[in-house]
Amino acid sequence: MNLIPGVKAQTDTTVKGQMSGQSSGRVRSATAELYRQLGSLALDPTAVYKVRDASIDREDVHISLTEGTLAFTREVDGRITGMLFEGEGEVLIVPPDYTERHSLSMFTGVAVLNERFSLGYFRFADDSVVSGLKPALRPPEEAREFIDKHAALAVSLSEADSLRTFIGLTYARKSSPTQYAGEFLYARLAGERFGNFEVSYDPMLTEQISVRHIAYTPHGRYYDLWMSFPMQSARRQPGAAATSAVARTIEITDYNIKMDVRPPTELSGTATLTLHNLQSGPRAVIFELSRYLKLSQVELESTEGPPVSLDFLQNEALEGSQLARRGNDTVTVVFPQPLVSGETVRLKFTYGGSVMSEAGGGLLYVGARGTWYPNRGPSMSNFDMEFRHPAEWKLLATGDRVAAATKGGMEESRFVSQHPIPLAGFNLGKYVNTPVSSSATKLEVYSSRGVEADFARPRPPVVSPLPTRDASRSQMPGIIVSPPTPDPSQKAAAVGKQAAEMIDFLAPRIGAFPFASLALTQLPGPNSQGWPGLVFLSSYVFLDRAARERSRFGDVEMYDLVFDHLMTEHEVAHQWWGDNIFWDSYRDQWLMEALSNYCALLKLERNDPAMFRKILDQYRKDLLQRPPSGDERPYKDAGPVRLGLRLNSSKFAGAYDPVVYGRGTWLLHMLREMLKDADAKNMGKKSAAESAPDALFFAVLKDLQKRFAGKKVSTQDFLASFEKVIPSGSAFEGRQSLDWFFSGWINGSAIPVLELAEVRVRPSAGRTIATGFILQKEAPELLVTSVPIYAVATNGEQVLVGRVFADGERTEFKLAVPSGTKRLLLDPQMTVLRQP
């Protein structure tokens, strides 16, 4: 039976598994044949036309074909899915907000994309593009010359959009009264000023409109996203955070995973997923899966009979293509018919391959988050996982270990999550187990007796003088002693103690530890990673400063501080921020990193306030520093925290860390200080606010943990929790709203210069009044900043007299101050992210 009507299966061709170099034995299906045709699509010499004054409009995307020649691609399954245009064209897209205008301007120098183009390649899967152009089409003069000139280019460009076109062709047309997945439009344009760039309108995505550009720099290739935003009809939806009707079609509620792990590299088994469909129409569904894991079968389970084998597309389905050679981290499953809204199905994936890497020293590295099992991105799901592996290796995984047994030299274990979690992972190594005493949870540390093979570089030997009382012998050569091999297990107890202290610090403040236990495992390399109930900690954390390769880091002192005092605490904090609750979209990812980082800093502040201050200062310096790419602008200009991974671009290589971690941490610090000052003022300064100065701040964090446990949280949800506790007397313009903070600070990138001007202190009606102005420079005109003002008393003490909202470039203020005040200080403790 052909799954795709109108396309005949070719039963005489086998598909070779490109990753293994061996034949998969699978017959090329109708699905693979259709996909192959869409990815090597030629122009149709019988469908070449002159075109004049035509247009293609999709929501915010307006494309004009003023005059030129176009050729449609050959029909596939009776449908035209592409065309190539040469001539005079123009594209107009107006970004809907300041953030996207700023982003576009950073790359192009303009805030509105109004660009002429001379060449364009278009992909689509519905008939409206062709029907809309027909009135403007005329017979060509030199059709053959046009085809010969552009034939090779058209075929090469068709591969990039073949999967999206395939999805569109298989999607049920009448699933939605408005948009459906077939109505996408991708355009690759050769611009007059900006070179080649891509425009897309795609209802399947949460942000349906985007413009992209591939940039090549001395630092590598970057996929710059010039702008990305929801289409206008989605923006008008009340209460909807710009989400289209088909952007989130499927939820995975449960995973049942059974894996056979064969160190050092092999992993094989099955993953059964329970899918709940939210929107009628999808037939081809994309999942993430590592390119190094070869999928052999996908089955649709049934309660009424045997499972049904489904067709799928993975690398081996693309014989001879560039994608097959380089690999891809997705697999597309094709159902016999479109899914129906409210329908629940179970899919069983069978796969295996070399997805693990051996680092040496008894350490393995499993790979990136989530790609070892089929998934559709992080989502709150239940996990039930079984593993089988050689008993000499220790395996740790997310969830509670509910069963364990050893048979014939193989250990079998089962891990079950207590409640829905966003991700699941496991780690494997020849570990030494170090139990740690913790008052809040069961805590264990798993470390090796060695480090990864590429850790130890040749180091100079140490010359030890011979022990002697004879002065004459002290001139003899000493004994050459080689430095000892680092042994991470010796520091395991100390690392575990740090983690236990972090749990004991956070639990009473923001809520109980969210999982029944926590395992810390050693991970090769300088980076760490957190999973629910499981933390991968860098080998560097397990070593003393003398044993680290400190020369590889720029600022040795800061990196020592990170490895010794912050990294463990940061990853433990992720158990609350990122594992118990998760970010809603890439624009909210900064929240989880900033909250985890700031919680780690709060623990450090309790023991070492000076070091806490020093780190915040360093974050500010990093934001004001220029990137090594040679761009004249500092990292702060890369964009707001809500751009997430878009911050790493050809203009700002490596901007993600200073903006998301640095600025994100500062934003939390500013909110905390605002609440602390408001609470102190509300409580009369010398009262309960002094004994618990952060009561409001931690109350907000605890509320978030309680309300969003097992759910996703957005930046708007986060700010709404803060708005609930702002005292009415401390609200901007009398409204308990943080819109000003969202638009100016979270959705902005400025680090202003703040100054006092024309300050006067004089008695008035039995009180002492201070007046003056706050000047806000090097900032957008609409930036609003809450600025603390202190009075210097006669005894030299600095007293908080109030906060002033600096609104724009020049803001007048009037404050009551203590008698005898001679001068005022603007934010003397540097609690606002500003230039010193």
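Let me sum up the structure you'll find in this document. Please read all numbers here as calculations on a predicted model, not as lab measurements.

1. Concerning the overall build of the protein chain
- Secondary structure assignment for the protein chain yields 16 helices and 40 strands.
- The buried share among the 836 residues of the protein chain stands at 56%.
- Considering only contacts within the protein chain whose residues lie at least 6 apart along the sequence, 68% involve residues at least 24 apart.
- Taken as a whole, the protein chain presents about 35,600 Å² of accessible surface, with 50% of it coming from carbon and sulfur.

2. Topic: the packing of helix α8 (residues 492–510) against helix α14 (residues 695–708)
- Two numbers describe how α8 lies on α14: the axes approach to 8 Å, and their chain directions differ by 85°. In terms of orientation, α8 lies roughly perpendicular with respect to α14. Touching Pro 508, Arg 509 and Ile 510 of α8 are Phe 698, Leu 701, Lys 702 and Gln 705, all from α14.
- Classifying every residue of the contact of α8 with α14 by side-chain character gives 4 nonpolar, 1 polar and 2 charged.

3. Remarks on the pattern of salt bridges
- Taken as a whole, this structure holds 37 salt bridges when the rule is applied.
- Ionic pairing is found between Glu 412 and Arg 388, a salt bridge with its closest N-O pair at 3.6 Å. Note that Glu 412 is positioned in strand β24 (residues 410–416) and Arg 388 in strand β21 (residues 382–390), a separation of 24 residues in sequence.
- In this structure Glu 412 comes out as partly exposed when scored by relative accessible area, which is 30%.
- One salt bridge connects Glu 673 with Lys 676, and the closest N-O pair in it is separated by 3.3 Å. In this pair, Glu 673 and Lys 676 both sit in helix α12 (residues 656–682), 3 residues apart, roughly one turn of the helix.
- We classify Glu 673 as buried; its relative accessible area is 7%.
- Overlapping salt bridges bring together Glu 100, Glu 207, Arg 587 and Arg 646 as one network.

4. Some points on the pairing of strand β25 (residues 426–429)
- The alternating pattern of β25 places Phe 426 and Leu 428 and Asn 427 and Gly 429 on opposite faces, both of which are buried.
- Bridge count for strand β22 (residues 394–397) against β25 is 4 bridges, and the pairing is antiparallel. By the bridge assignment, Leu 396 is partnered in β25 with Asn 427.

5. Focus on a positive patch on the surface
- Together, Arg 760, Arg 762, Arg 767 and Lys 814 line one region of the surface with positive charge.
- Relative to the elements of secondary structure, Arg 767 occurs in strand β36 (residues 767–777).

6. Details of the side chain of Gln 589
- Counting through the fold element by element, Gln 589 comes out in helix α10 (residues 589–607).
- Assessed through its relative accessible area of 15%, Gln 589 is described here as buried.
- Beyond its immediate stretch of four places on either side in the chain, Gln 589 contacts Trp 583, Leu 645 and Tyr 656.

7. What to know about the environment of Leu 671
- For Leu 671, the position within the fold is in helix α12.
- Under the relative-accessibility criterion, Leu 671 is labelled buried at 3%.
- Separated by 48 residues in sequence, Leu 671 and Leu 719 place their C-alpha atoms 9.7 Å apart.
- Dropping the residues within four chain positions of it, Leu 671 is found in contact with Phe 718, Leu 719, Phe 722, Leu 738 and Phe 741.

8. Details of the environment of Val 753
- In this fold, Val 753 is placed in strand β35 (residues 753–764).
- For the pair formed by Val 753 and Gln 835, sequence separation is 82 residues and the distance between their alpha carbons is 5.2 Å.
- Every residue in contact with Val 753, bar those within four places of it in the chain, is listed here: Leu 775, Gln 776, Lys 777, Glu 778 and Gln 835.

9. Focus on α14
- In this model α14 runs 20 Å from its N-terminal to its C-terminal C-alpha over 14 residues, within 8% of the 20 Å that 1.5 Å per residue would give.
- Taken as a whole, α14 has its buried residues at Leu 696, Phe 697, Phe 698, Val 700, Leu 701, Leu 704, Gln 705 and Phe 708.
- The first or second residue beyond α14 is Gly 710, which carries a positive phi of 75°.

10. Some remarks on a nonpolar patch on the surface
- Among the surface-exposed residues, Leu 92, Val 94 and Val 112 lie close enough to one another that they form a single nonpolar patch of about 200 Å² accessible area.
- Tracing the chain through its elements places Val 94 in the loop between β5 (82–93) and α2 (98–108).
- What makes Val 94 partly exposed here is its relative accessible area of 44%.

11. Details of helix α4 (residues 143–158)
- Approximately 50° is the largest bend angle found in α4, and it occurs at His 150.
- Every buried residue belonging to α4 is among Ala 143, Phe 146, Ile 147, His 150, Ala 154 and Ser 158, and all of these are buried.

12. Points about the sheet that holds strand β26 (residues 432–436)
- Spatially, β26-β27-β30-β32-β31 is the arrangement adopted by the 5 strands of the open sheet, whose pairing is mixed. Looking at which strands have only one partner, the edges of the open sheet turn out to be β26 and β31 (529–531). Averaged over all pairs of adjacent strands, the angle between strand axes in this sheet comes to 20°, irrespective of strand direction.
- In this structure, strand β30 (residues 517–523) lies alongside strand β32 (residues 534–538), joined through 5 bridges in parallel fashion. Directly across from Leu 523, in β32, lies its bridge partner Ser 538.
- On the sheet, α8 packs against β26, β27 (442–447), β30 and β32 and is oriented at approximately 145° with respect to β27.

13. Quick word on the sheet that holds strand β38 (residues 798–807)
- The strand order β38-β37-β40 describes an open sheet built from 3 strands, whose pairing is antiparallel. Edge positions in the sheet fall to β38 and β40 (823–826), since each of these pairs with one other strand and no more. Going from strand to strand, the sheet's axes swing by 30° on average, the running direction of each strand aside.
- Where strand β37 (residues 784–792) and β40 come together, 4 bridges link them in antiparallel fashion. Residue pairing in the sheet places Ile 789 in a bridge with Leu 826 of β40.

14. Quick word on the pairing of β32
- Among the 5 residues of β32, 5 are classified as buried, and the element is accordingly described as predominantly covered.
- The side-chain alternation of β32 yields two buried faces, one formed by Leu 534, Phe 536 and Ser 538 and the other by Val 535 and Leu 537.
- Across 3 bridges, the pairing between β31 and β32 is antiparallel. Opposite Gln 529, over in β32, you have Phe 536 as the bridge partner.
- Counting the residues in the hairpin turn of β31 and β32 gives 2 residues, including Gly 533, whose phi is positive at 75°.

15. Digging into the packing of aromatic side chains
- Scanning all chains against the criterion turns up 33 aromatic pairs.
- With 5.1 Å between their ring centres and 55° between their planes, Phe 732 and Phe 805 make a pair best called tilted. Placement of Phe 732 in the loop between α15 (715–725) and α16 (739–746) and of Phe 805 in strand β38 is noted, with a sequence separation of 73 residues between them.
- Given a relative accessible area of 18%, Phe 805 falls into the buried group.

Cut-offs applied
- Residues numbered from 1 in each chain as written.
- Predicted model: local features only at pLDDT ≥ 70, side-chain atom pairs only at ≥ 80, totals over all residues.
- Heavy atoms only, no water.
- Helix = DSSP H or I, 4+ residues; strand = E, 2+ residues; numbered from the N terminus.
- Buried < 20%, exposed > 50% of the residue type's maximum accessible area, 1.4 Å probe, protein only.
- Contact = heavy atoms within 4.5 Å.
- Areas by Shrake-Rupley, 256 points an atom, 1.4 Å probe, with all protein chains shown as cover.
- Axes fitted to C-alpha atoms, helices over the stretch in contact; angles between N-to-C directions.
- Parallel < 35°, antiparallel > 145°, perpendicular 65-115°, else oblique.
- Nonpolar A, V, L, I, M, F, W, Y, C, P; charged D, E, K, R; others polar.
- Salt bridge = Lys/Arg side-chain N within 4 Å of Asp/Glu carboxyl O.
- Pairing = 2+ DSSP bridges.
- Patch = residues over 30% accessible without salt bridge, like charges linked within 9 Å, V, L, I, M, F, W, Y side chains within 5 Å.
- Lys, Arg positive; Asp, Glu negative; His and termini not counted.
- Charge placed at Lys NZ, Arg CZ, Asp CG, Glu CD.
- Expected span 1.5 Å × (residues − 1).
- Bend = angle between axes of the 7 residues up to and from the residue.
- Phe/Tyr/Trp six-rings, centres within 6.5 Å; stacked < 30°, edge-to-face > 60°.

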